Amino acid sequence: MTRRWIRWLPAIAVPAVIAAGVLIVPLSANAAVDLPAKTPQQVLEMVATTSVDAFSGTVVQTADLGLPELPQIGQTAGSGSNAPGTDSGQTASIAAALEFLTGTHTARVFVDGPTKTRLQVMDSLAERDLVHNGSNVWLYDSAKNAATRVTLPQGDATVPNDGSTTIQTPAEMADRLLASVGPSTTVTVGDNTRVAGRPVYDLVLTPKSADTLVGSVSIGVDSETGLPLQVLVRARGQQSPAFRIAFSDVTLTAPSAGLFDFTPPAGATVTQQALPQSNSATGHATMPAAPPTVTGTGWDTVVSLPAGQGTSTMLDSPMLAQVTTSVSGGRLLSTSLLNVYLSQDGRVFAGAVPLSVLQSAATGR
Amino acid sequence: MLGALAAIPVLIAIAVRVTSGSSSGRGPAFLDQITQNGLFVALTAMVVSTPLFLPLTVGVVAGDTISGEASHGTLRYLLAAPAGRVRLLVVKFVGAAVFCLSAAGSVVLAGILIGAILFPVGPVTLLSGDTVGPVESIGRLALVASYVAVSLLGLSAIGLFISTLTDVPVGAMAATVVLAVTAQVLGALPQLDWLHPWLFTNYWLGFADLLRQPIAWDSFGSNAVLQLGYIVVFGALAYSRFTTKDVLS
């Protein structure tokens, strides 16, 4: 009888060992990291003076904004047959924008200086690429087997984006956030952690305003180089981070130069896009010509768009009806970080603020 | 069964050849590229057979390992020889693993052959948009075959364990295949996010990462670790069950 019991030991011990390993490994990874103490100002300086301009790595973006998750199948089915300009094209572009606001996306990033970048958004059995080399920018979508070439004017380093590869590196996002740090924000240094196996300082930006949905933003700054490796946005009243973008692994050496030479494959549909027209022709075709109005400052900024032909047709889109809820005076697209209020007269108000602030902005004029 | 698996790429290739070209963006991945490059027959066949056909055959083989011998009444005689039960289990599992490799290999090999016969063969366009020569692409196809073979090892271990539970091989085969399908259904539900990394089917379609430039090895590694975990857990369960079992037939 005892021999029988001994023989059942491995069946119990092996799962137990694995379960213990699974529980202990994350604990040891989160164990306190010893770094020399720094003031928020010193960490900010590290970010500003970082000398890393060549690296490669894998970026994982997770969004938990309380939006319904759209099944991946719907996205690929929609991408097969979209003609720009038609109603289905518009729905597809809304879907593409919403896609990056839900679920988890993985991308590989290769950067060598300011003029050579390659971004690969890894989908299941497909990939979307953005290759920027000097004044040439290629966008490639393997699901459609279509390549788009954009030539940048000399000296212009801003890369156009059609929304299909809207993943930023944590560094780009951190720069954008830090640029907006002003008197409305408290900057502190939180507990040191590890991102992609590297010890990081945790720079925490907390809004002073009570009228914002953002609870705090924390930026993981590499303790050695000052390169931001993680951006984490917490929403008020939500336990899990609303938005997280972080390197899952990073190599601080220049990637192989061949990666930035892109030749469209044989058989691909190649389109050439001119720069100045492209932005207004494709990306913002639905937007009215009038510029958006910005009210408020800091975290409780409200951006409003005047009524235009595009916004009213958007109200009828079944896609939008699915994700918005009806509120007094219009419809509301509510996420844990951002509220978009579409008033019945076609105006659009957006901001990281509660609905009441948007509504008062709408009735204020 | 290997012949039935090899028939999948042949069927795909003939269907595409006869209808001459499909509209792009429809059907399984890589289908619309077959007419330009025969090597894509192997990839399309892999995408089609990974969710059902391969697990089906592996389930049949792994489910038959122990219970098949029991139902034939040969298990007693095998154990009468001084080989020991552990050794029998190991040999049976190695046999199932060899079948996984040859199953994945035969799909890819048949795909390459029929593709080369019916369509032109040339440089292959990777998912990243870069192109690689035919020699490297055949190397990558071999990698894809080994990836899929590794993916099926966890299922073989599960099948081996279920096979020790019963003397009815059909029951063990059916249970193994049902588990494979259930795991994939669970993997398709976004509400069960937390469970996904633990499903043995989680990385099954990850072989696409071998078709990127440069190759993303992460999924190969995570897949191998996950399958190893399943092998260890179900191997231990099978050991405990089989060494304490009263073999009557």
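## Quick notes on the overall build of chain A
Point 1. Of the regular secondary structure elements, chain A holds 9 helices and 19 strands.
Point 2. Looking at chain A as a whole, 42% of its 365 residues qualify as buried.
Point 3. Surface summary for chain A: the accessible area is close to 18100 Å², and the carbon and sulfur share equals 59%.

## Observations concerning the interface of chain B and chain A
Point 1. The interface of chain B with chain A comprises 33 residues on the first partner and 31 residues on the second.
Point 2. Of the roughly 2500 Å² buried between chain B and chain A on both sides combined, carbon and sulfur atoms contribute 58%.
Point 3. Of all residues in chain B, B:Leu127, B:Arg212 and B:Thr244 bury the most surface against chain A, accounting for 20% of the area lost on that side.
Point 4. Summed over the shared surface of chain B and chain A, the number is 2 salt bridges.

## Re the side chain of A:Ser216
Point 1. Structurally, A:Ser216 can be placed in strand S10 (residues 214-222).
Point 2. When residues no more than four places from it in sequence are discounted, the contact partners of A:Ser216 are A:Val204, A:Leu205, A:Thr206, A:Pro207, A:Leu232, A:Val233 and A:Arg234.

## Focus: the pattern of salt bridges
Point 1. One pass over the structure, following the stated rule, counts 11 salt bridges over all chains.
Point 2. Across the pair A:Asp129 and A:Arg118 runs a salt bridge whose closest N-O atoms are separated by 2.7 Å. With A:Asp129 in strand S4 (residues 126-133) and A:Arg118 in strand S3 (residues 116-123), this pair connects stretches of sequence that are 11 residues apart. A:Arg118 matches A:Asp129 in its accessibility class, with the two residues each being buried.
Point 3. Here B:Asp209 ties to B:Arg212 by a salt bridge, and the two come within 2.8 Å at their closest N and O atoms.
Point 4. A relative accessible area of 13% places B:Asp209 in the buried class.

## Here we look at empty space enclosed by the protein
Residues and elements named next belong to chain B.
Point 1. Applying the stated criterion across every chain, the model contains 1 cavity of 30 Å³ or more.
Point 2. One number sums up the size of the largest cavity: a volume of about 70 Å³.
Point 3. Around the largest cavity, the lining residues are Leu 39, Phe 40, Leu 43, Val 124, Leu 126, Val 132, Ser 137, Arg 140, Leu 141 and Leu 211.
Point 4. Looking at the lining of the largest cavity, the elements that each hand over two or more residues are helix H2 (40-49) and helix H6 (134-151).
Point 5. With 3 residues, the top contributor of residues to the lining of the largest cavity is H6.
Point 6. Residue composition of the lining of the largest cavity, grouped by class: 8 nonpolar, 1 polar and 1 charged.

## Things to note about the nonpolar core
Point 1. Counting 76 residues, the largest nonpolar core has B:Met46 and B:Phe207 as its most contacted members.
Point 2. With 11 residues, helix H5 (residues 85-118) of chain B is the single largest residue contributor to this core.
Point 3. Ignoring anything within four residues of it in the chain, the contact list for B:Phe207 reads A:Leu125, B:Met46, B:Val47, B:Thr50, B:Val144, B:Tyr147 and B:Val148.
Point 4. A:Leu130, A:Leu139, A:Leu177 and A:Leu227 belong to the second-largest nonpolar core, a separate cluster that totals 44 residues.

## What about the packing of helix H7 (residues 153-165) of chain B against helix H9 (residues 218-244) of chain B?
Residues and elements named next belong to chain B.
Point 1. Remark: H7 packs on H9, axes separated minimally by 8 Å, with the N-to-C direction vectors making an angle of 15°. Taken together, the axes of H7 and H9 lie roughly parallel to each other. You can see that H7 and H9 cross each other, and the crossing is left-handed. Between H7 and H9, the contacting residues are Leu 153, Gly 154, Leu 155, Ala 157, Ile 158, Phe 161, Thr 164 and Leu 165 on the first element and Gln 227, Tyr 230, Ile 231, Phe 234, Leu 237, Ala 238, Arg 241 and Phe 242 on the second.

## So, helix H5 (residues 170-179) of chain A
All names here are of chain A.
Point 1. Of all the residues in H5, the buried ones are Pro 170, Ala 171, Met 173, Ala 174, Leu 177 and Leu 178. Summarising the axial view, the buried residues of H5 lie within an arc of 160°, below the 170-degree limit, and thus occupy one face. Pointing more than 90 degrees away from the buried face of H5 are the exposed residues Arg 176 and Ala 179.

## Structural notes on the layout of surface pockets
Point 1. There is about 370 Å³ of room inside the second largest pocket.
Point 2. Lining the second largest pocket are 15 residues, with A:Ile18, B:Trp198, B:Val225, B:Leu226 and B:Gly229 positioned closest to its centre.
Point 3. The set of elements that each furnish at least two residues to the lining of the second largest pocket consists of helix H1 (2-29) of chain A together with H9 of chain B.
Point 4. Examining the composition of the lining of the second largest pocket, we find that 7 residues originate from one element, H9(B), more than from any other.
Point 5. Counted by class, the lining of the second largest pocket contains 12 nonpolar, 3 polar and no charged residues.

## Concerning helix H2 (residues 40-48) of chain A
Residue and element names in this part refer to chain A.
Point 1. All of the buried residues in H2 are Val 43, Met 46 and Val 47. The buried side chains of H2 occupy one side of the element, clustering within an arc of 100° when seen end-on. Exposed residues lying more than 90 degrees from the buried face of H2 are Gln 41 and Ala 48.
Point 2. Against the buried residues of H2 lie H5, strand S7 (185-189), strand S9 (198-207), S10 and strand S11 (228-235).

## Quick notes on the confidence of the model for chain A
Residue and element names in this part refer to chain A.
Point 1. A residue-level look at chain A finds 78% of positions with pLDDT of 70 or above and a mean pLDDT of 78.
Point 2. Under a pLDDT of 50 for its full length, residues 71-88 has, in the predicted model, 10 contacts with residues more than four places off or in other chains.
Point 3. Confidence drops under pLDDT 50 across residues 277-288; counting only partners more than four residues distant or on other chains, this segment forms 12 contacts.

## A short note on the sheet that holds strand S15 (residues 302-305) of chain A
Residues and elements named next belong to chain A.
Point 1. Read across the sheet, 6 strands follow the order S14-S15-S19-S18-S17-S16 without closing on themselves; strand pairing throughout is antiparallel. The open sheet has two edge strands, strand S14 (293-295) and strand S16 (325-327), and neither has a second partner. Strand-to-strand twist in this sheet, taken as the mean axis angle between neighbours without regard to direction, amounts to 25°.
Point 2. As judged from the 4 bridges shared by S15 and strand S19 (residues 348-351), these two strands associate in the antiparallel manner. The residue of S19 that forms the bridge with Val 302 is Gly 351.
Point 3. Strand contacts of helix H9 (residues 355-363): S15, S16, strand S17 (330-334), strand S18 (339-343) and S19, with the helix running at about 35° to S18, the strand carrying the most contacts.

About the thresholds
Residues numbered from 1 in each chain as written. Chains lettered and ligands numbered in written order. Predicted model: local features only at pLDDT ≥ 70, side-chain atom pairs only at ≥ 80, totals over all residues. Heavy atoms only, no water. Helix = DSSP H or I, 4+ residues; strand = E, 2+ residues; numbered from the N terminus. Buried < 20%, exposed > 50% of the residue type's maximum accessible area, 1.4 Å probe, protein only. Areas by Shrake-Rupley, 256 points an atom, 1.4 Å probe, with all protein chains shown as cover. Contact = heavy atoms within 4.5 Å. Buried area = accessible area lost by both parts, 1.4 Å probe. Salt bridge = Lys/Arg side-chain N within 4 Å of Asp/Glu carboxyl O. 1 Å grid on protein atoms, 1.4 Å probe; cavity = no way out; pocket = protein on both sides within 12 Å on 5 of 7 lines; lining within 4 Å. Points joined across faces, edges and corners; volume = space filled by probe spheres on them. Nonpolar A, V, L, I, M, F, W, Y, C, P; charged D, E, K, R; others polar. Core = buried A, V, L, I, M, F, W, Y, C linked by side-chain atoms within 4.5 Å. Axes fitted to C-alpha atoms, helices over the stretch in contact; angles between N-to-C directions. Parallel < 35°, antiparallel > 145°, perpendicular 65-115°, else oblique. Left-handed = near helix turned anticlockwise from the far one by under 90°. Arc of directions from axis to C-beta. pLDDT = per-residue confidence, 0-100. Pairing = 2+ DSSP bridges.

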